[in-house]
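# Fold and geometry: a report
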Amino acid sequence: MMELDRNIGINNGSGHGILNGIQAVIFDLDGTLVDSMWVWEAVDREYFKLHGLEVPPGLQQQISGMSFSETADYIKTQFRISDTVEEMKQIWNELAEKEYETEVPLKPGAYEFLIKLKEMGIKTGVATSNSKHLVELTLQARGIRSHMDSVHTACEVAHGKPEPDIYLLVAADLGVAPEACLVFEDIVEGIQAGKRAGMRTCAVADAASREIWAEKQQEADYAIQDYRELLTGRNE
C-alpha cells in the first residue's frame, strides 16, 4: 500500500502531521489539482482577438481569485465587450472544453493522494473559481469525480476568493467544521480565502505562479512542489 510520508511529518503518528485533526481536504482546481493555467492564456488571446483586442499585460493577476462570473463582468466592463456576461461564459467554455477534456493532466501524485485520503476516511471536495461545466468535465475525464464528496464553484456564492465564501460552502456541504479542513491552493488569493474560512492551508507550486512562490509559502501553513511529497513507497 502507498504510505503517507513520515519523514516530512505528513503522517499523524507524531501528532504534528499535515493531516492531524483533519476530517476533510478541499482542493482548488486550476493550478492546484490539475495543470491547466496554460489553457487560459490561449483562451484569452482567442477571445480578445474576436473583439479586435489584444490581451493586456497582467490580466491574469488582475482577475486572480475572481469567480467565472466575476471575471466575465470585470472584462466586460473594463474592455467594453458587447457580449453579455452569459454569452462570454458560454464562449469561454466552448474555447476551453476540448483542452480540459483531453489535454489537462492531474498534478503529479494527485490521484494517489486522493486514493490515500479515501482509505483514511477523510472527505474530499473541490472549491473552484472555474465554471461548473469545466470542473465537472475535467473531474470526469481524469477519472476522479467519484473521489470527490463535494464540488462547488465560486459562482454559487456571493464573493470569489480571497473571500472565504466558497470554502465555507464546501465545508458545510461536507458537514465538516472549518477548523477540521485542509485547503490546497496555488494562488495567494485562494490561500487567503482558506485562512479566512478558518482552515489550514497548503500552497501548491505551479508554473503560472512561480514568481510568487515565496509569497505563497509565507501565506500558507504548508507548501509542496507536488503531491508526491506527501507519499512514499509503492503499491504492493
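Now for a look at the structure at hand. If you're wondering where the values come from, they're calculated on a predicted model, not measured in any experiment.

## Comments concerning the overall build of the protein chain
Along its length, the protein chain carries 9 helices and 8 strands. Here the C-alpha radius of gyration of the protein chain, 18 Å, is about what a compact globule of 236 residues would show, namely 18 Å. Structurally, the protein chain occupies a C-alpha span of about 60 × 35 × 30 Å along its principal axes. Here the protein chain holds 236 residues, and 48% of them are scored as buried.

## A look at the side chain of Thr201
Following the sequence through the fold, Thr201 ends up in strand β6 (residues 200-204). Classification of Thr201 by relative accessible area gives buried; the value is 1%. Discounting residues that sit within four places of it in the chain, Thr201 has contacts with Leu182, Val183, Ile191, Gly194, Lys195, Glu219, Ala220, Asp221 and Tyr222.

## Structural notes on the environment of Arg142
Locating Arg142 in the fold gives a position in the loop between α6 (132-141) and β4 (150-153). Assessed through its relative accessible area of 22%, Arg142 is described here as partly exposed. Leave out the neighbours within four places in its chain, and Arg142 touches Tyr100, Glu101, Thr102, Val104, Pro105 and Leu106. In this structure the side chain of Arg142 is engaged in a polar contact, spanning 3.1 Å, whose partner is the backbone oxygen of Tyr100.

## A closer look at the side chain of Asp83
Considering the arrangement of structural elements, one finds Asp83 in the loop between α3 (68-79) and α4 (85-102). For the buried residue Asp83, which engages in no salt bridge, the nearest side chain bearing the opposite charge is Lys76, 7.5 Å off. At 2.7 Å, the side chain of Asp83 and the side chain of Tyr47 are in polar contact. Excluding its chain neighbours within four sequence positions, the residues that come into contact with Asp83 are Tyr47, His51, Lys76, Met88 and Ile91.

## Quick look at the sheet that holds β4
What links the strands of a sheet is backbone hydrogen bonding, and the strands pair in either a parallel or an antiparallel sense. Taken in spatial order, the 6 strands line up as β4-β3-β2-β5-β6-β7 in an open sheet, and their pairing is parallel. The open sheet terminates on both sides in strands that have one partner only, identified here as β4 and β7 (222-224). Averaged over neighbouring strand pairs, the angle between their axes works out to 20° when direction is ignored. Docked against the sheet, helix α7 (residues 165-174) engages β2 (24-27), β3 (123-128), β4 and β5 (181-185), running at close to 150° with respect to β3. Here helix α8 (residues 188-196) sits on the sheet in contact with β5 and β6, set at roughly 170° to β6.

## Topic: the packing of aromatic side chains
Counting across every chain of the model gives 11 aromatic pairs. Relative to Phe68, the ring of Trp40 lies with its centre 6.1 Å away and its plane at 70°, an arrangement referred to as edge-to-face. In this pair, Trp40 sits in helix α1 (residues 37-50) while Phe68 sits in helix α3, placing the two residues 28 residues apart along the sequence. The exposure class of Phe68 is buried, given its relative accessible area of 6%. Consider the rings of Tyr47 and Trp92, whose centres lie 5.7 Å apart with planes at 80°: the pair is edge-to-face. Remark: Trp92 occurs in helix α4 and Tyr47 occurs in helix α1; sequence separation between them is 45 residues. The class for Tyr47 is buried, based on a relative accessible area of 1%.

Conventions used here
- Residues numbered from 1 in each chain as written.
- Predicted model: local features only at pLDDT ≥ 70, side-chain atom pairs only at ≥ 80, totals over all residues.
- Heavy atoms only, no water.
- Helix = DSSP H or I, 4+ residues; strand = E, 2+ residues; numbered from the N terminus.
- Rg over C-alpha atoms; globule rule 2.2 N^0.38 Å.
- Buried < 20%, exposed > 50% of the residue type's maximum accessible area, 1.4 Å probe, protein only.
- Contact = heavy atoms within 4.5 Å.
- Polar contact = N/O pair within 3.5 Å; in protein donor to acceptor, adjacent residues only side chain to side chain.
- Lys, Arg positive; Asp, Glu negative; His and termini not counted.
- Salt bridge = Lys/Arg side-chain N within 4 Å of Asp/Glu carboxyl O.
- Pairing = 2+ DSSP bridges.
- Axes fitted to C-alpha atoms, helices over the stretch in contact; angles between N-to-C directions.
- Phe/Tyr/Trp six-rings, centres within 6.5 Å; stacked < 30°, edge-to-face > 60°.

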